[in-house]
Amino acid sequence: MRIAVTGSIATDHLMTFPGRFADQLVADQLHTVSLSFLVDNLDVRRGGVGPNICFGMGQLGGRPILVGAAGSDFDEYRAWLDRHGVDTDSVRISEVLHTARFVCTTDADHNQIGSFYTGAMSEARQIELHSVAERVGGLDLVLIGADDPEAMLRHTEECKARAIPFAADFSQQIARMSGDDIQTLLEGATYLFSNEYEKGLIETKTGWSDAEILAKVDYRVTTLGSRGVRIEQVGADPIEVGCPEEDAKVDPTGVGDAFRAGFLSGLSWGVGHERAAQVGCMLATLVIETLGTQEYQLRRAHFMDRFTKAYGDEAAAEVRAHLS
């Protein structure tokens, strides 16, 4: 099963200031702030929803196709993804812009000052999915993740025009999109991904009820945080899958991306939705126990031991057959 994942490609530059921002602010001079902070460390992490999902799929033995835009500074990141099973040949490289990045400083009180540079991400709207499909011999599913909004709309419209099944997954871009755009992005989707909060926001912005939205997609997949995930389909009982027990809660960043990676991997193996969701929840658990979105290691024996404990021998036997 050939799965393409479209989405943002970015790096995070995270710094820690040992003091308090509040101590550096002068109340009657806030209209002309000019400050710099001497930070203790700099942590550069690979990120972006597209690479995060693809990395997880690669860890599970797949060969996902990453579709997005990056800058000429992408070489090292590309090499990392290539080594971990990701097809990066459909990443557009900008001739003038850097790869998108998030630069953030956190103080001792966990207050943050951050900036997001979109950079090359704005060129994702110039990518034609038809050329991607021709290169790999066709596409069975395209996940349309959070990216340049114009790119998300273009990819959705192209999938509909070319009858390519797609999954709608707009996540953090919901906040800036209009109800009309969200309606366009989700209508006709094979899968609609969101968390509980985003689910409510989608309904509020579109003006469509839960039932109306469910009638416009084949499957609605809603992640429920520590309670797992719910999968709904018109005319069928919902499927609910819980999460494995966590060893520790280290960093929730990228957990949703990891779930999608596991779920899509399960689809590519041909297992049912319940089993695919179990794989997604297991992978998400590994990520929440790790600092960073692509820093975890998937050791097959360890993964299967924990999967078996959480979901039983029958489920484990079915997954083990695909997790070589």
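Here is a short report on the structure shown in this document. (Residues numbered from 1 in each chain as written. Predicted model: local features only at pLDDT ≥ 70, side-chain atom pairs only at ≥ 80, totals over all residues. Heavy atoms only, no water.)

The next point concerns the pairing of strand β12 (residues 229–232). Because side chains alternate across β12, one face comprises the buried residues Val229 and Ile231, and the other comprises Arg230 and Glu232, equally buried. Across four bridges, the pairing between strand β11 (residues 219–223) and β12 is antiparallel. Across the sheet, the residue bridging to Val221 is Ile231, located in β12. Bridging between β12 and strand β13 (residues 239–241) involves three bridges; their strand directions are antiparallel. Counted as the bridge partner of Val229 is Val241 from β13. Between β12 and β13, which pair antiparallel in sequence order, lie six residues; one of them, Gly235, sits at a positive phi of approximately 80°. (Buried < 20%, exposed > 50% of the residue type's maximum accessible area, 1.4 Å probe, protein only. Helix = DSSP H or I, 4+ residues; strand = E, 2+ residues; numbered from the N terminus. Pairing = 2+ DSSP bridges.)

One finds Phe259, Phe263, Leu283, Phe303 and Phe307 to be the most contacted residues of the largest nonpolar core, which totals 53 residues. Among the elements that make up this core, the one with the highest residue count is helix α9 (residues 273–288) (nine residues). Sequence-distant contacts of Phe259, that is, excluding residues within four places in its chain, are made with Phe193, Val221, Thr223, Val229, Ala277, Gly280, Cys281 and Ala284. Listed in part, the 31 residues of the second largest apolar core include Ile164, Ile174, Leu186 and Ala189. (Core = buried A, V, L, I, M, F, W, Y, C linked by side-chain atoms within 4.5 Å. Contact = heavy atoms within 4.5 Å.)

Attention now goes to the packing of helix α5 (residues 179–186) against helix α6 (residues 196–206). Contact geometry of α5 with α6 gives a least axis separation of 8 Å together with a crossing angle of 115°. Crossing geometry of α5 relative to α6 is assigned as left-handed. Across from Gly179, Ile182, Gln183 and Leu186 in α5, the residues of α6 making contact are Ile202, Lys205 and Thr206. Here the contact of α5 with α6 is built from residues that sort into three nonpolar, three polar and one charged. (Axes fitted to C-alpha atoms, helices over the stretch in contact; angles between N-to-C directions. Left-handed = near helix turned anticlockwise from the far one by under 90°. Nonpolar A, V, L, I, M, F, W, Y, C, P; charged D, E, K, R; others polar.)

A word on the state of the cysteines. This structure, assessed with the given rule, holds zero disulfides. Of the cysteine sulfurs around Cys243, a residue in no disulfide, the closest is that of Cys281, at 4.2 Å. With a relative accessible area of 33%, Cys243 lands in the partly exposed category. (Disulfide = S-S within 2.5 Å.)

With respect to the helices, strands and loops of the structure, Ser94 is situated in the loop between β5 (91–93) and β6 (100–106). Of the polar contacts made by the side chain of Ser94, one reaches the backbone nitrogen of Leu97; its length is 2.9 Å. When sequence neighbours within four positions are dropped, the list of residues in contact with Ser94 reads Ala70, Gly71, Ser72, Ala120 and Glu123. (Polar contact = N/O pair within 3.5 Å; in protein donor to acceptor, adjacent residues only side chain to side chain.)

Before going further, it helps to spend a moment on the sheet that holds strand β1 (residues 3–6). Pairing is mixed across the open sheet formed by nine strands, whose spatial order is β5-β4-β1-β8-β9-β10-β11-β12-β13. Among the strands making up the open sheet, the edge pair consists of β5 and β13. Pairs of neighbouring strands in the sheet enclose a mean axial angle of 15°, with direction left out of account. Taken together, the five bridges between strand β10 (residues 191–195) and β11 define a ladder with parallel strand orientation.

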